[in-house]
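# Structural characterization, general
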Amino acid sequence: MIRDAHVNGIRLRYREEGGPDDRPLVLLHGRTADHNDWNGITQHFARRGRHVLVPDLRGHGESEHPGAYALHEMADDVAALLDHLRTGPVELIGHSLGALVATRVTLARPDLVSRLVLEDPPQAYAITGRPPIVEDGPASFDWRMMHQTEAQLIDPDPAWAAGLAAIGTPALVLSGGTASPLDAADIARRIPGARLVTVEAGHLIHVTARQEFLRIVDAFLDEDPR
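Bear in mind the structure is a predicted one, so any value in this text is a computation, not a measurement.

### Considerations on the sheet that holds strand β7 (residues 171–175)
The mixed open sheet is built from eight strands, whose spatial order is β1-β2-β4-β3-β5-β6-β7-β8. Of all strands in the sheet, those bounded by a partner on one side alone are β1 (2–7) and β8 (195–198). The mean angle between the axes of side-by-side strands here comes to 25 degrees, regardless of whether they run parallel or antiparallel. Alignment of strand β3 (residues 23–28) against strand β5 (residues 90–95), held across four bridges, turns out to be parallel. Considered in β5, the bridge of V26 is made with L92.

Structure, rendered in structure tokens:
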């Protein structure tokens, strides 16, 4: 079911699947995508007893395009949505940009996150050599989001990078391996106790190696927390 919520001063579109009394799980898509990026995966988790929530991040899909795209604002949106829905702690899965947002939700509101899965997150150190963004026509996302988030990816907030050491939530980091342009292992090293698993599938692990992605994530989420 597709729903709207007015939270943190903007309208967020989100998808909801599974029973209302099931364990809550949130999926955050990567840059330029929307909730449809998780098609098939949402149904998988719903069948496994999860109440699945999949928002379009601000500037993406059918959520509002407010023109301001600080990553901490995206995280505030997600936290406000979970407060609005009264989910309690959720299993939080984020891909790429969504993974960076997920870390910020966990840092700001550890009470909202029971387990954290980061799929091929960008590194937390400054990077060089990325080609400039070229606007090549109308899109389902806000081009202003592309420019603003690119600046934050190239030169990450050092306070956020240092803060990753304070994450106490059980965390799984998936790396796309040598075919990915990102250094997911850097994030895994910075989060205490984080588990790093490499799947040689490139940046879109949940697309190019879906069954492996689901097998690894299911095993992590189903572990006895003790």
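On we go from here.
### Some details on empty space enclosed by the protein
Considering all chains together, one arrives at one cavity of 30 Å³ or more under this definition. Here the largest cavity is characterised by a volume of approximately 30 Å³. If you go around the largest cavity, the residues you meet are L71, L100, R104, P122, Q123, Q152, L153, P156 and W160. Residue assignment for the lining of the largest cavity shows that the elements contributing at least two residues are α3 (97–108) and α4 (143–154).

### Let's talk about the UniProt feature "domain: AB hydrolase-1" (unreviewed entry) in the chain
The positions UniProt marks with the feature "domain: AB hydrolase-1" (unreviewed entry) are residues 24–123. The distance separating the terminal C-alpha atoms of residues 24–123 is 28 Å; by composition the span is 34% helix and 24% strand.

### Let's talk about unusual backbone geometry
Positive phi outside glycine occurs at N8, with the angle close to 50 degrees. Positioned with a positive phi, D120 is a non-glycine residue whose angle comes to about 45 degrees. Relative to the elements of secondary structure, D120 occurs in the loop between β6 (113–119) and α4. In this structure D120 comes out as buried when scored by relative accessible area, which is 0%.

### Overview of the pattern of salt bridges
Under the defined criterion, the tally for this structure stands at 22 salt bridges. The partner of R23 in a salt bridge is E91, and the shortest N-O contact between them spans 2.8 Å. With R23 in strand β3 and E91 in strand β5, this residue pair connects regions lying 68 residues apart in the sequence. Accessibility expressed as a relative area gives 42% for R23, which makes it partly exposed.

### Let's talk about the packing of aromatic side chains
To describe a pair of aromatic rings, one takes the distance between the centres and the angle between the planes. A full pass over the atoms with the stated rule returns two aromatic pairs. Summarising the aromatic geometry, the rings of W38 and F213 are spaced 6.4 Å apart at their centres and angled 35 degrees between planes, so their arrangement reads as tilted. Taken together, the residues W38 in the loop between β3 and α1 (41–47) and F213 in helix α8 (residues 210–221) connect sequence positions 175 residues apart. Look at F141 and W143: their rings are 5.0 Å apart centre to centre, the planes differ by 70 degrees, and that puts the pair in the edge-to-face class. Judged by relative accessible area, which is 14%, F141 ranks as buried. Directly above the aromatic system of W160 lies the positively charged group of R104, at a separation of 4.3 Å from the ring centroid. Sitting above the plane of the F220 ring, R115 keeps its charged end 4.9 Å from the centroid.

### Some thoughts on the environment of R50
By secondary structure assignment, the location of R50 is in strand β4 (residues 50–55). Under the relative-accessibility criterion, R50 is labelled buried at 4%. Distance in space between the C-alpha atoms of R50 and D76 is 23 Å, their sequence separation being 26 residues. Only 3.0 Å separates the side chain of R50 from the backbone oxygen of R48, close enough to count as a polar contact.

The rules we used
- Residues numbered from 1 in each chain as written.
- Predicted model: local features only at pLDDT ≥ 70, side-chain atom pairs only at ≥ 80, totals over all residues.
- Heavy atoms only, no water.
- Pairing = 2+ DSSP bridges.
- Helix = DSSP H or I, 4+ residues; strand = E, 2+ residues; numbered from the N terminus.
- Axes fitted to C-alpha atoms, helices over the stretch in contact; angles between N-to-C directions.
- 1 Å grid on protein atoms, 1.4 Å probe; cavity = no way out; pocket = protein on both sides within 12 Å on 5 of 7 lines; lining within 4 Å.
- Points joined across faces, edges and corners; volume = space filled by probe spheres on them.
- UniProt positions renumbered as here; feature names shortened; annotations may be inferred.
- Buried < 20%, exposed > 50% of the residue type's maximum accessible area, 1.4 Å probe, protein only.
- Salt bridge = Lys/Arg side-chain N within 4 Å of Asp/Glu carboxyl O.
- Phe/Tyr/Trp six-rings, centres within 6.5 Å; stacked < 30°, edge-to-face > 60°.
- Lys NZ or Arg CZ within 6 Å of the ring centre and 35° of its normal.
- Polar contact = N/O pair within 3.5 Å; in protein donor to acceptor, adjacent residues only side chain to side chain.

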